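Letter by letter, the chains look like this.
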Amino acid sequence: MAELLLVLDSEEIPARMQEAAAKELARGLSAALDGLNPRDAAPFWGPRRIAVSLNVDAEIPASTKSERGPRESAPEQALAGFLRKHGAIRDDLVLESGFWVLNRATPPVKAAERIAQAVPELLWRFPWPKSMRWGKGSNFTWVRPLRRIVCLLDGALVPFALATDHDDAHGLRSGTTTEGHRFMAPEPFEVTSAAQWQRELAERKVVVDATERADRVVSGVAEQAQKAGLKLVPDVGLVDEVAGLTEWPVALLGRIDDAFMDLPPEVMQVSMRINQRYFALRDAQDKAAPFFAFVANMDFADGGALTIAGNERVLRARFADARHFWDLDRKIKLVDRVGALDAVTFHAKLGSQGARVARIEKLAAEIARAMALSDQQIVDAARAARLAKADLTTGMVGEFPELQGVMGGYYARHDGETENVAQAVAEHYMPRGLNDDTPRAPVSVAVALADRIDLLAAFFAIGETPSGSGDPYGLRRAALGVIRIIRDNGLRLDLNGLFEQAAANLPANLSEGGELPALLSFIAERLRVQLRNEGERHDVLAAILAGGLDGDLVRLLARTEALARMLGSEDGVNLLAASKRAANILRIENKKDGPHDGVPDPALYVQDEERALASALDDAHTTIRVALVEERFTDAMRDAAALRPTLDRFFDAVTVNDPEPERRRNRLRLLNRIGETLAGIADFGQIEG
């Protein structure tokens, strides 16, 4: 076993590309060195280098490969073609079992020889999302100019060059030296092993391990915040990005000018995060603190005082821009901005944002009525829907699109709108992601649902539906948002009716076209995926959905839960087995002379078990349906489970395929009756188990 270390030093690599590139390097190198049994691959990434260390065998052992050629009796042309294909002569062939066979012995290959061949090929075709050319005369590309290549096998240089016959590849070739921090330890040093490389880089102010850098960022910023009696606003994405921008993270604390502390905290946080990669802090009352934390990439002789002052100056300029937008935007009321949305194209086939707002306004009022809200809340829902998209025309949202909705809420309060309206404008984009909260205020819920239901109906109407992994309009996210809002708030809504209403609001040429008939199936599939992700029995939901999507998702899920609970009992398991047995027999016999549907004839029953089953099914058929209509799902499942002993006795005592044809057909109709009775609950054939 030998240790292979490959280090690629370059100019600064974008933080978002580093991890994926290092892992791709490890994967690609392992694949290229397959014959050397690569193992224990460890990728490393940072701002100025990606690397991988792994263990490989010392050599690829010798081997013999046999190629079977044409038969001994084959024409000479066939044999000549075989020899030409493999570059062999006739004396190389032997006869085995009537066939010409070429046995080729491959000598052992030293690991260094194979690595020297594989690494240049890998680097020439390395799949960076974006790469660049530099210098003159070479077509070799890298994400940023590649400066050094360290390639060691058990501490010894593996010599190779990237040059080809027609390209010098900037003269890049493998070596044994690398360098430390760009400013604090730029001198090159010799590398002898992966451990020594990491240790000496740490001594030269470079933390190789990305997780350790992220930990230093979090602990350093938290320590600075704690010293000031503050707490850090968690931001995992920003921590990872900063860890990818710094080799030697040093946390510092700056102060925010009091003149800007009246800006909305969301504006301050987004401006600091997007423009400067600063961390927001909060005080003991959980309010925005007049401080910010940031991470430098080096130690400072003055403790960072000069750097802090510089960053405070930069932040003042950023906040001055934000204040400009904040003051300017408030000079025009949101309601007066609505007309400008007519000039904003939403989609070429769906018209303007103004037209969409009109549809959402109408639908929000309908949803509010369906939620049995008060007259004032219905008015508020329509008003909030009318104002919801108006902040798209503001300078602040133009500068920071992440603040859509949030700024609308602030501007609505400034304009004197009711709290219900302002809150709904601010919250109607919720949930923005899988882990985001859903709106809970009734008016906010109505507007949030209207926004998404209109979006889904409109794009399905023009046939722009998700395909494969492509979902450019975020329709899967919108559907999951609808489902989450309804489930979290326990809303008893007729989703089918709301989609019909949304479709009716579309232009006449779209209201019945496109993929609208597939919209309910799309929602059902999203619901099934959501249950699967939650670890619930999504197959039970699929079985219930076989009868069509119940637009009342709360009722649908209650029914699913009751059935899943019943199937978890012994009676449920046996009932499922019996129903599948009946369905299998019926399917086979239907192929012979079916279908065997219709009402069984009681006069043809000859055994008590037949009569008992017929009677039990008649009773269950009625009681199950009544219970389902009255939403007594547990009672319906109990009535279904009660069939189990009668079914067991029937299958134990009765031969379905009786020699008497009429009796056989009658018994098959009785089996069909089992499926009809249980179909009111679900299609048991789709349930796993």
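Everything quoted here is computed from the prediction, not taken from an experiment.

Rules of the game
Residues numbered from 1 in each chain as written. Predicted model: local features only at pLDDT ≥ 70, side-chain atom pairs only at ≥ 80, totals over all residues. Heavy atoms only, no water. Helix = DSSP H or I, 4+ residues; strand = E, 2+ residues; numbered from the N terminus. Rg over C-alpha atoms; globule rule 2.2 N^0.38 Å. Buried < 20%, exposed > 50% of the residue type's maximum accessible area, 1.4 Å probe, protein only. Contact = heavy atoms within 4.5 Å. Areas by Shrake-Rupley, 256 points an atom, 1.4 Å probe, with all protein chains shown as cover. Pairing = 2+ DSSP bridges. Expected span 1.5 Å × (residues − 1). Salt bridge = Lys/Arg side-chain N within 4 Å of Asp/Glu carboxyl O. Domains from an automatic or database assignment. Phe/Tyr/Trp six-rings, centres within 6.5 Å; stacked < 30°, edge-to-face > 60°. Lys NZ or Arg CZ within 6 Å of the ring centre and 35° of its normal. Axes fitted to C-alpha atoms, helices over the stretch in contact; angles between N-to-C directions. Polar contact = N/O pair within 3.5 Å; in protein donor to acceptor, adjacent residues only side chain to side chain. Parallel < 35°, antiparallel > 145°, perpendicular 65-115°, else oblique. Nonpolar A, V, L, I, M, F, W, Y, C, P; charged D, E, K, R; others polar.

1. Some words on the overall build of the protein chain
On a plain count of helices and strands, the protein chain comes out with 25 helices and 19 strands. The C-alpha atoms of the protein chain give 35 Å as radius of gyration, which overshoots the globular expectation for 689 residues (26 Å, by more than 25%). The principal-axis extents of the C-alpha atoms in the protein chain amount to approximately 100 × 95 × 50 Å. Residues classed as buried in the protein chain amount to 49% of the 689 residues present. In the protein chain, 69% of the contacts between residues at least 6 apart in sequence involve partners at least 24 apart. Of the roughly 32300 Å² of accessible surface on the protein chain, 50% is carried by carbon and sulfur atoms.

2. Some thoughts on the sheet that holds strand S17 (residues 288-296)
Strand order across the open sheet formed by four strands is S14-S16-S17-S15, with antiparallel pairing between neighbours. A single partner strand is all that each edge strand has here, and the edge strands are strand S14 (231-232) and strand S15 (250-255). Summarising the sheet, S14 and strand S16 (residues 279-282) pair through two bridges and their orientation is antiparallel. Across the sheet, the residue bridging to Lys-231 is Arg-282, located in S16.

3. Concerning helix H8 (residues 305-329)
Residue pairs spaced three or four apart in an α-helix point in one direction, given the helix's 3.6 residues per turn. Between its first and last C-alpha atoms H8 spans 36 Å; for 25 residues at 1.5 Å apiece the expected length is 36 Å, and the two agree. Every buried residue of H8 is accounted for by Ile-308, Gly-310, Asn-311, Glu-312, Leu-315, Phe-319, Ala-322, Arg-323, Phe-325, Trp-326 and Asp-329. Those residues of H8 that are buried lie in contact with S15, helix H7 (265-276), S17, helix H9 (334-337), helix H12 (395-399) and helix H13 (406-414).

4. Here we look at the pattern of salt bridges
For side chains bearing opposite charge, pairing can occur when the charged atoms are close. Tallied over the entire structure, the rule returns 58 salt bridges. Here Asp-299 makes a salt bridge to Lys-205, at a shortest N to O gap of 3.6 Å. With a gap of 94 residues between them, Asp-299 in the loop between S17 and H8 and Lys-205 in the loop between helix H4 (194-203) and helix H5 (210-227) connect regions that are remote in the sequence. Looking at Asp-299, the relative accessible area reads 35%, which means it is partly exposed. The exposure class assigned to Lys-205 is partly exposed, which follows from its relative accessible area of 26%. Where Asp-593 meets Arg-664, a salt bridge forms, and the shortest distance between an N and an O atom there is 2.8 Å. One end of the pair, Asp-593, is in helix H21 (residues 570-593); the other, Arg-664, is in helix H25 (residues 661-679), and 71 residues separate them in sequence.

5. With respect to the domain arrangement of the protein chain
Splitting the protein chain by domain gives domain 1 (2-59 + 111-204), domain 2 (63-106), domain 3 (225-330), domain 4 (347-535) and domain 5 (563-686). Using C-alpha coordinates to define each centre, domain 2 is positioned 66 Å away from domain 5.

6. Regarding the packing of aromatic side chains
According to the stated counting rule, one finds 17 aromatic pairs in the structure shown. When the ring of Trp-134 is compared with that of Phe-140, the centres are 6.2 Å apart and the planes differ by 80°; the resulting orientation is edge-to-face. We classify Phe-140 as buried; its relative accessible area is 0%. A network of ring pairs unites the aromatic residues Trp-124, Phe-126, Trp-128, Trp-134, Phe-140 and Trp-142 as a single cluster. Sitting above the plane of the Phe-99 ring, Arg-68 keeps its charged end 4.0 Å from the centroid. Geometry around Phe-189 places Arg-204 over its ring, the cationic atom sitting 4.3 Å from the centre.

7. Comments concerning the pairing of strand S6 (residues 93-96)
Here S6 pairs with strand S7 (residues 99-106) via four bridges, running antiparallel. Across the sheet, Leu-95 pairs through a bridge with Trp-100, a residue of S7. Hairpin connection from S6 to S7: two residues lie between these consecutive antiparallel strands, with Ser-97 at a positive phi of about 55°.

8. Focus on the sheet that holds S7
Spatially, the three strands line up as an open sheet ordered S5-S7-S6, and their pairing is antiparallel. Looking at strand neighbours, the two that pair on one side only are strand S5 (63-71) and S6, the edges of this open sheet. Going across the sheet, the axis of each strand differs from the next one's by a mean of 35°, ignoring polarity. Seen against the sheet, helix H2 (residues 76-86) touches S5, S6 and S7 and runs at an angle of roughly 155° to S5.

9. Some words on unusual backbone geometry
Cis geometry is found at the peptide bond from Met-430 to Pro-431, where omega equals -5°. One non-glycine residue, Ser-97, lies in positive phi territory at about 55°. Along the chain, Ser-97 turns up in the loop between S6 and S7. Even without glycine at this site, Arg-277 takes up a positive phi of about 60°. Its relative accessible area of 29% is what places Arg-277 among the partly exposed residues.

10. Let's talk about H21
For H21, which comprises 24 residues, the first-to-last C-alpha distance of 35 Å matches the rise-based estimate of 34 Å (1.5 Å per residue) to within 8%. Burial in H21 covers these residues: Gly-572, Leu-575, Leu-576, Ala-578, Ser-579, Lys-580, Ala-582, Leu-586 and Glu-589. The secondary structure elements touched by the buried residues of H21 are helix H20 (553-567), helix H23 (633-641), helix H24 (644-653) and H25.

11. Focus on the environment of Glu-179
As for its placement among the helices and strands, Glu-179 is situated in strand S12 (residues 177-179). Using a relative accessible area of 18% as the deciding quantity, one classes Glu-179 as buried. A sequence separation of 31 residues divides Glu-179 from Arg-148, and the C-alpha atoms of the two residues are 9.2 Å apart. Among residues more than four places away in sequence, those in contact with Glu-179 are Asp-9, Arg-48, Arg-49, Arg-148, Ala-185, Pro-186, Glu-187, Pro-188, Phe-189 and Leu-201. One polar contact links Glu-179 to Arg-48, side chain to side chain, over a distance of 2.6 Å.

12. Thoughts on the packing of helix H16 (residues 475-489) against helix H18 (residues 519-533)
Following both chains from N to C, one finds H16 and H18 inclined at 70°, their axes separated by 10 Å at the closest point. On the basis of their axis angle, the class for H16 and H18 is roughly perpendicular. Contacts from Leu-475, Arg-476, Ala-479, Leu-480, Ile-483, Arg-484 and Arg-487 of H16 reach H18 at Phe-522, Ile-523, Arg-526, Leu-527, Gln-530 and Leu-531. For the contact of H16 with H18, the residue count by class is eight nonpolar, one polar and four charged.

13. Some thoughts on the side chain of His-347
Relative to the elements of secondary structure, His-347 occurs in strand S18 (residues 345-347). For His-347, a relative accessible area of 12% corresponds to the buried category. Here His-347 is in contact with Phe-459, Ile-462, Glu-464 and Tyr-473, once residues within four sequence places are set aside.

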